[in-house]
Amino acid sequence: MTNPALEHEVRDPATSAARLAEIAVAEPGLGSLIARHPNVYPGLLDWLGSEGDQRARAEVARLRSTEASDRQAADLATKPATGEGGPPPRLPHNTPPVGSALQPAQPEWSSSQPTAPERPGADEPPTATKKGRRWIWITAIVVVIALAIGGGAWWAVRSIVGGGHSSPEAAAVSLIDGLSAKNPVKLLESVAPSEAAVLTPLVQQSATHASDSGLGAEATDVLQSLQQVVQLIDVEQKDVSTRQESIADDEVSKVTFVSGTLTVSTTDEDALAQRLADLSNSVAAMQGRPGRQTTPEQMQRQIDLPQTIDLAKPDEHSTLPLSMVTVKESGKWYFSPLLTAGEAALGSYNEQHPSAQVQRGRVLSADEAPGASSPEEALSTTSKAVVDAMQSGRYDDVAKSLPTAERRAFSLYGQPFAERLGRPSSSPQVRLGQTHGSSTVSGDQARVMPDGYVLDFPMSGQYVRLEIRQLKVTLTMQGRPVTVDFGEPPQAGELGIDQFSFIAVKERGGWYFSPLSTMADVTSTISGKIMRLQDEGRLDSVLQDYGRAIGEQVSRSSGSGSRSY
């Protein structure tokens, strides 16, 4: 069954070409509808015709067989009388075919998809999809440089003594300097240690899963290709100046760039196109999707350099200047990716909703969030705080239960939005009963699992009970329990589901539940397993067998082949 919200978007004739491409990736079952959308473009049709499901491929074949003559006529009509065609149009940066030349995060689609349409005119995606394009250059280069150094350099940076800066401005400017100099050490040592600590397990586990999955050689090829791309890109800054705004006294500060430019260029466009093609093909090989090889000529058509970014107005569709949020930790100032993202989201929301302004929240101090005495208590504390917040509409206790980086981000940005959008519940309350748990501690990190959580909540005029013990979940409705053990099927091990756990971290002697560390752990664990199965060509069958096994559990537990929850 497809996602109703996404299907509604596809049926809306105003949905943009870029959004159609995103939905095509997220919901393959809507491919046949996307193929008939008025804003679909040839590159996306090509992708649906080769990578879509059976219905999508059939629909693309039907469309092209019935409209071949019309397309040929359109080609002739759109060429200038001189016979000289204009330059090929640029595709939106976030569409499946090829993508921006400086987007290493998405090259896997490039290997099996065609280039941009060869002619200008009706097949070019709407220009509105280019909104915010200049941000792509900054983001992509930071990602490329960070990835290019590999796991080993990350650990080296983590051990550097004397990181951080004397002022918020120095921390922000140092990040720009590191970008200009293509200096990964300067970039990474500018990141707040509390936030870097969240990324460290992800880097470590990703490397471990790549090795376990037999992807070591392919991963090395990707890193080498990234390094070669970086060597061919030049970034020049000029006349950079900033102003500072204190957000939380001597702890959080916003640095805004009031002037200056960044120019991204290359001295050898042919070599850059070759290296980008190598990068795309290396990523495709690592993911077991070799398909059609991306050629330098395809990449050449996507390169649009040089690009100059005005730091005071990096996006022509917005009045917001480039800004970074910095934090003070252990007496030094650092760049905060989490708070910078939160500030950008807040500014964008307020710009689009001038009559419904949302103000930043208050940063809770360390003294207000002492932490729990054990990992099990940390998970229990957060669980109870979330349930209480659902009833009261107040999220202070949720913020207090989180570690430093996440507490700052949630209290400043998440909590104001949650309290504005959420409302205290007047309906029967959700009740969280016992919250027993178990944990495995390794240094300042622990894996925690509910081992006797009981949640009662109203449904259809009565209370329903949910009991959780490890990966076994029992739902009792109308006195009839249905139990499912998500870790029981043998496929759970192949998918990494049996390794699921919540992550708690220890700071200043107290334990805190970390949502970001949990997400990083789950993502790295499951992605490694998925990549291995995909490489072996068994992913679809394993997923089907797992779903079938869970369905059989539900049927046995409910005593009916048709009853499930």
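For the structure, check the block above.
Because the structure is predicted, anything quoted here is derived from the model rather than measured. (Residues numbered from 1 in each chain as written. Predicted model: local features only at pLDDT ≥ 70, side-chain atom pairs only at ≥ 80, totals over all residues. Heavy atoms only, no water.)

Novice: Explain the packing of helix 1 (residues 4–11) against helix 2 (residues 17–26) here, please?
Specialist: Relative orientation of the contacting elements helix 1 and helix 2 amounts to 145 degrees, with a least axis distance of 11 Å. At the point where helix 1 passes helix 2, the crossing takes the left-handed sense. Mapping the contact onto sequence places Leu6, Glu9 and Val10 in helix 1 and Arg19, Ile23 and Ala26 in helix 2. Residue composition of the contact of helix 1 with helix 2, grouped by class: 4 nonpolar, no polar and 2 charged. (Axes fitted to C-alpha atoms, helices over the stretch in contact; angles between N-to-C directions. Helix = DSSP H or I, 4+ residues; strand = E, 2+ residues; numbered from the N terminus. Left-handed = near helix turned anticlockwise from the far one by under 90°. Contact = heavy atoms within 4.5 Å. Nonpolar A, V, L, I, M, F, W, Y, C, P; charged D, E, K, R; others polar.)

Novice: What is the right way to look at the environment of Thr404 in this model?
Specialist: Structurally, Thr404 can be placed in helix 18 (residues 404–421). Placed 39 residues apart in sequence, Thr404 and Ser365 show a C-alpha to C-alpha distance of 9.1 Å. With near-sequence residues (within four places) excluded, Thr404 lies in contact with Ser194, Glu507 and Arg508. One polar contact links Thr404 to Glu507, side chain to side chain, over a distance of 2.7 Å. (Polar contact = N/O pair within 3.5 Å; in protein donor to acceptor, adjacent residues only side chain to side chain.)

Novice: What's the story with the pattern of salt bridges in this structure? I'm lost.
Specialist: In a structure, side chains of opposite charge can pair up when their charged atoms sit close to one another. Overall, the coordinates contain 23 salt bridges when judged by the stated rule. A salt bridge links Asp250 to Lys328, with the nearest nitrogen and oxygen atoms 3.1 Å apart. Of this pair, Asp250 sits in the loop between strand 1 (234–248) and strand 2 (252–265) while Lys328 is found in strand 4 (residues 323–329), placing the two residues 78 residues apart along the sequence. By relative accessible area, Lys328 is classed as partly exposed at 26%. With a shortest N-O distance of 3.9 Å, Arg556 and Glu488 are connected by a salt bridge. One end of the pair, Arg556, is in helix 21 (residues 539–558); the other, Glu488, is in the loop between strand 10 (480–485) and helix 19 (491–495), and 68 residues separate them in sequence. Taking the relative accessible area as the measure of exposure, Glu488 reaches 49% and is therefore partly exposed. What you see here is one network of salt bridges that share partners, running through Glu245, Lys254, Glu343 and Arg360. (Salt bridge = Lys/Arg side-chain N within 4 Å of Asp/Glu carboxyl O. Buried < 20%, exposed > 50% of the residue type's maximum accessible area, 1.4 Å probe, protein only.)

Novice: Explain the nonpolar core here, please?
Specialist: Proteins that are soluble and globular tend to have nonpolar side chains buried together. Phe257, Leu262, Leu272 and Met324 are the most contacted members of the largest nonpolar core, which totals 30 residues. Looking at this core, the elements with two or more residues in it are helix 9 (168–181), helix 12 (216–231), strand 2 and helix 13 (269–286). With 6 residues, helix 13 is the largest single contributor of residues to this core. Ala24, Leu30, Trp47 and Leu48 belong to the second largest nonpolar core, which has 19 residues in total. (Core = buried A, V, L, I, M, F, W, Y, C linked by side-chain atoms within 4.5 Å.)

Novice: Just checking my understanding: could you explain the side chain of Thr326 for this structure?
Specialist: For Thr326, the location among the structural elements is in strand 4. Apart from residues no more than four positions distant in its own chain, Thr326 is found in contact with Pro168, Ala171, Ala172, Glu251, Val252, Ser253, Val255, Trp333, Tyr334, Phe335 and Ser336.

Novice: Can you walk me through the packing of helix 15 (residues 337–352) against helix 18 in this structure?
Specialist: For any two helices packed against each other, one specifies the crossing angle of their axes together with the interaxial distance. At a minimum axis separation of 9 Å, helix 15 and helix 18 run at an interaxial angle of 20 degrees. By the angle between their axes, helix 15 is roughly parallel relative to helix 18. Crossing of helix 15 over helix 18 shows left-handed handedness. Of helix 18, the residues touching helix 15 (which contributes Leu338, Leu339, Gly342, Glu343, Leu346 and Tyr349) are Ala405, Arg408, Ala409, Leu412, Tyr413, Phe417 and Arg420. (Parallel < 35°, antiparallel > 145°, perpendicular 65-115°, else oblique.)

Novice: It is not clear to me how the layout of surface pockets should be interpreted in this structure. Could you clarify?
Specialist: If a probe the size of a water molecule is rolled over the atoms, the empty space left behind becomes visible. By volume, the second largest pocket amounts to about 540 Å³. Lining the second largest pocket are 25 residues, and of these Ser194, Ala197, Thr404, Lys506 and Glu507 sit closest to its centre. For the lining of the second largest pocket, the class distribution of residues is 9 nonpolar, 6 polar and 10 charged. (1 Å grid on protein atoms, 1.4 Å probe; cavity = no way out; pocket = protein on both sides within 12 Å on 5 of 7 lines; lining within 4 Å. Points joined across faces, edges and corners; volume = space filled by probe spheres on them.)

Novice: What should I look at first to understand the side chain of Asp485 in this one?
Specialist: Its location among the elements puts Asp485 in strand 10. No salt bridge is formed by the buried Asp485; its nearest oppositely charged neighbour, Lys472, is found at 4.6 Å. In this structure the side chain of Asp485 is engaged in a polar contact, spanning 3.0 Å, whose partner is the backbone nitrogen of Gly487. When residues no more than four places from it in sequence are discounted, the contact partners of Asp485 are Leu471, Lys472, Ile550 and Gln553. (Lys, Arg positive; Asp, Glu negative; His and termini not counted.)

Novice: Teacher, can you tell me more about the pairing of strand 6 (residues 431–442) here?
Specialist: A regular strand places its side chains on the two faces of the sheet in alternate fashion. One ladder, built from 9 bridges, connects strand 6 with strand 7 (residues 445–459); its direction is antiparallel. Each residue of the ladder has a partner; that of Thr440, found in strand 7, is Arg447. Once strand 6 ends, the chain turns through 2 residues before running back antiparallel as strand 7, passing Gly443 with a positive phi of about 65 degrees. (Pairing = 2+ DSSP bridges.)

Novice: Sorry if this is basic, but what is going on with the packing of aromatic side chains here?
Specialist: In total, this model carries 4 aromatic pairs according to the counting rule given. Considering the side-chain rings of Tyr349 and Phe417, the 5.2 Å spacing of their centres and the 90 degrees angle between planes classify their relative orientation as edge-to-face. Highlighted residues: Tyr349 in helix 15 and Phe417 in helix 18, separated in sequence by 68 residues. Residue class for Tyr349 comes out partly exposed when judged on its relative accessible area of 23%. When the ring centre of Tyr463 is taken as origin, the NZ or CZ atom of Arg431, which lies over that ring, is 3.9 Å away. (Phe/Tyr/Trp six-rings, centres within 6.5 Å; stacked < 30°, edge-to-face > 60°. Lys NZ or Arg CZ within 6 Å of the ring centre and 35° of its normal.)

Novice: Just checking my understanding: could you explain the environment of Leu272 for this structure?
Specialist: With respect to the helices and strands, the residue Leu272 is situated in helix 13. Looking at Leu272, the relative accessible area reads 0%, which means it is buried. Taking C-alpha positions, Leu272 is 9.1 Å from Gln231, a pair spaced 41 residues apart along the chain.

Novice: Sorry if this is basic, but what is going on with helix 18 here?
Specialist: Residues spaced three or four apart along an α-helix point in a common direction, a consequence of the helix completing one turn every 3.6 residues. Taking 1.5 Å per residue, 18 residues should reach 26 Å; helix 18 reaches 24 Å between its end C-alpha atoms and fits that length. In helix 18, a bend of some 50 degrees at Phe410 exceeds every other bend along the element. Of all 18 residues making up helix 18, 13 are buried, and the element is well covered by its neighbours. (Expected span 1.5 Å × (residues − 1). Bend = angle between axes of the 7 residues up to and from the residue.)

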